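# Reading the structure
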Amino acid sequence: SNLSASCWSRLHPANMFNSYNVKFHHRKALTSPYPGSHIERSQVPEDKVGWLTEWEDYNPVEYTAKSVLARPNWADPQINDEGFSPKFNERDGEVERKSLNGLYVVENGRPRNPVGRTGLTGRGLLGRWGPNHAADPVVTRWKRDGSGNQVAHPVSGKNILQFVAIKRRDCGEWAIPGGMVDPGEKITATLKREFEEEALNSLQKSPEEKAKLEKQLQKLFSQEHFVVYRGYVDDPRNTDNAWMETEAVNYHDETGETMDNLPLEAGDDAGVVKWVDISEKLELYASHSYFIKLVTEKRGAHWSEDPGSECHK
């Protein structure tokens, strides 16, 4: 990348949490109504998001979805339930309660969102108190013409990168295929499993078809890859006591041959799946546009028609 050192330090994923202002993080986590409900968050002014700002009158709405309170295997009990004593900020049996962004405050037995107020307490739709860990596989290839040549953008002159995108069933927004890390599961396994389930519909395949997919995917997922981002996600499901964190990893098919042989088919939480050209015009779920931007910078691909926009927030 031709970015200056100061610009790169602001964009580098390892520095994102500290260098982006709170507004960047809590835009989608302040939206109402809360997803899948008619619940309106208490309004949080921009200057009152951070916990360091005193706000004696802060009176957030308490909400945990019935689907979470029904105690499915992916959800914690309520904080005061007998026999439930979670070990926050550490590995708690098979459940990872450590945050990718360091230690978080636990107040009155409840973990506190490290980025700030959201206008809602409880867990909303999230199963875990504190961090809820996800994994997002960003699978990319170069856009090619009918002759197999890479296609460059007419304005920027940079080659156009494509990624596998899904349209989420729950909200209709386009997103990176991804999902929650199961207790005891390694991130690498989650990344591959979620891509298979959402972009290749592996849950509906026969054992023979699934084995064939596995063999083809192994080539892509075992090659060199890079971690795009690890940390907090500005997600509309976040609350004061439960929030999303993710590890986004880019798997790039340089020749396009691996993915050419894999038939994309929407499955699980995906309504539609397809290859999408990457540019700054993309509007994606949660912080996914930011992750995609980081991939284009790493690969030297087209992002914007404005050459000065690469340092913009």
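Bear in mind that the values here come from a model prediction, so they are computed numbers and not experimental data.

### Notes on the overall build of the protein chain
- Within the protein chain, the regular secondary structure consists of eight helices and 13 strands.
- Among the 313 residues that make up the protein chain, the fraction classed as buried is 49%.
- Considering only contacts in the protein chain between residues 6 or more positions apart, those separated by 24 or more positions represent 69%.
- About 15500 Å² of surface is accessible on the protein chain, with carbon and sulfur atoms providing 47% of the total.

### Considerations on helix α8 (residues 288-299)
- For α8, which comprises twelve residues, the first-to-last C-alpha distance of 17 Å matches the rise-based estimate of 16 Å (1.5 Å per residue) to within 8%.
- Taking burial as the measure, the twelve residues of α8 include ten buried ones, the bulk of the element.
- Listed as buried for α8 are His288, Ser289, Tyr290, Phe291, Ile292, Lys293, Leu294, Val295, Thr296 and Glu297.
- Directly beyond the C-terminal end of α8, a positive phi value near 65° is found at glycine 300.

### Quick look at the pattern of salt bridges
- Per the stated rule, a full pass over the model turns up 18 salt bridges.
- Among the salt bridges present, the one from aspartate 76 reaches arginine 97, with a minimum N-O distance of 2.9 Å. Separated by 21 residues along the polypeptide, aspartate 76 in the loop between α4 (66-69) and β2 (91-92) and arginine 97 in the loop between β3 (95-96) and β4 (106-107) bring together distant segments of the chain.
- Residue aspartate 76 pairs with arginine 128 through a salt bridge whose shortest N-O separation is 2.8 Å. Note that aspartate 76 is positioned in the loop between α4 and β2 and arginine 128 in the loop between β6 (120-124) and β7 (130-142), a separation of 52 residues in sequence. Pair check on accessibility: aspartate 76 and arginine 128 agree, each one buried.
- Taken together, the salt bridges that share partners define one network made up of Asp182, Glu185, Arg193, Glu194 and Glu197.

### Comments concerning the environment of arginine 237
- You can see arginine 237 is positioned in the loop between β11 (226-232) and β12 (242-253).
- Measuring from C-alpha to C-alpha, the distance between arginine 237 and tyrosine 34 comes to 7.0 Å, with 203 residues separating the pair along the chain.
- Not counting chain neighbours up to four residues away, the residues in contact with arginine 237 comprise Tyr34, Pro35, Arg41, Arg123, Leu125, Leu126, Arg168, Met244 and Tyr285.
- Separated by 3.3 Å, the side chains of arginine 237 and tyrosine 285 make a polar contact.

### Brief notes about the nonpolar core
- Counting residues in each nonpolar core, the largest one holds 57 residues, and the members touching the most others are Val139, Phe163, Phe195 and Ile292.
- Broken down by secondary-structure element, the contributors of at least two residues to this core are β7, β8 (161-168), α5 (187-199), α6 (207-222), β11, β12, β13 (270-277) and α8.
- The biggest single contributor to this core is β12, with six residues.
- Sequence-distant contacts of phenylalanine 195, that is, excluding residues within four places in its chain, are made with Pro137, Val139, Val164, Pro177, Leu200, Leu217, Phe221 and Met259.
- In terms of nonpolar packing, the next biggest core, distinct from the first, is built from six residues, Tyr34, Ala65, Ala75 and Leu120 among them.

### Notes on the pairing of β7
- The buried fraction of β7 is high, at 13 of 13 residues.
- Both β7 and β12 contribute to a ladder of twelve bridges, which runs parallel. Considered in β12, the bridge of aspartate 136 is made with alanine 248.
- Across two bridges, β7 lies against strand β10 (residues 179-180) in antiparallel orientation. Within β10, the residue paired with alanine 135 across the bridge is glycine 179.

### Here we look at unusual backbone geometry
- A cis geometry characterises the amide bond from serine 32 onward to proline 33, with omega recorded as -5°.
- Relative to the helices and strands, proline 33 is located in the loop between α3 (22-25) and β1 (61-64).
- In this model, asparagine 201 sits at a positive phi of 55°, which is unusual for a non-glycine residue.
- Following the sequence through the fold, asparagine 201 ends up in the loop between α5 and α6.

### Examining the environment of arginine 41
- Mapped onto the elements of the fold, arginine 41 is located in the loop between α3 and β1.
- Taking the C-alpha atoms as reference, arginine 41 lies 7.5 Å from threonine 118; in sequence the two are 77 residues apart.

### Section: the packing of aromatic side chains
- If you walk through the whole model with that rule in mind, you get nine aromatic pairs.
- Ring centres of tryptophan 55 and tyrosine 58 lie 4.9 Å apart, and the angle between their planes is 35°; on these two criteria the pair is classed as tilted.
- Seen in terms of ring centroids, phenylalanine 221 and tyrosine 251 are 4.2 Å apart; in terms of plane orientation they differ by 35°. Their pairing is tilted. In this pair, phenylalanine 221 is assigned in helix α6 and tyrosine 251 in strand β12, connecting sequence segments 30 residues apart. Tyrosine 251 shares its class with phenylalanine 221; the two are buried.
- Counting every residue linked through ring pairs, the aromatic cluster contains Trp51, Trp55 and Tyr58.
- Above the plane of the ring of tyrosine 285 lies arginine 168, whose end atom (NZ or CZ) is 3.9 Å from the centre.

Scoring rules and cut-offs
Residues numbered from 1 in each chain as written. Predicted model: local features only at pLDDT ≥ 70, side-chain atom pairs only at ≥ 80, totals over all residues. Heavy atoms only, no water. Helix = DSSP H or I, 4+ residues; strand = E, 2+ residues; numbered from the N terminus. Buried < 20%, exposed > 50% of the residue type's maximum accessible area, 1.4 Å probe, protein only. Contact = heavy atoms within 4.5 Å. Areas by Shrake-Rupley, 256 points an atom, 1.4 Å probe, with all protein chains shown as cover. Expected span 1.5 Å × (residues − 1). Salt bridge = Lys/Arg side-chain N within 4 Å of Asp/Glu carboxyl O. Polar contact = N/O pair within 3.5 Å; in protein donor to acceptor, adjacent residues only side chain to side chain. Core = buried A, V, L, I, M, F, W, Y, C linked by side-chain atoms within 4.5 Å. Pairing = 2+ DSSP bridges. Phe/Tyr/Trp six-rings, centres within 6.5 Å; stacked < 30°, edge-to-face > 60°. Lys NZ or Arg CZ within 6 Å of the ring centre and 35° of its normal.

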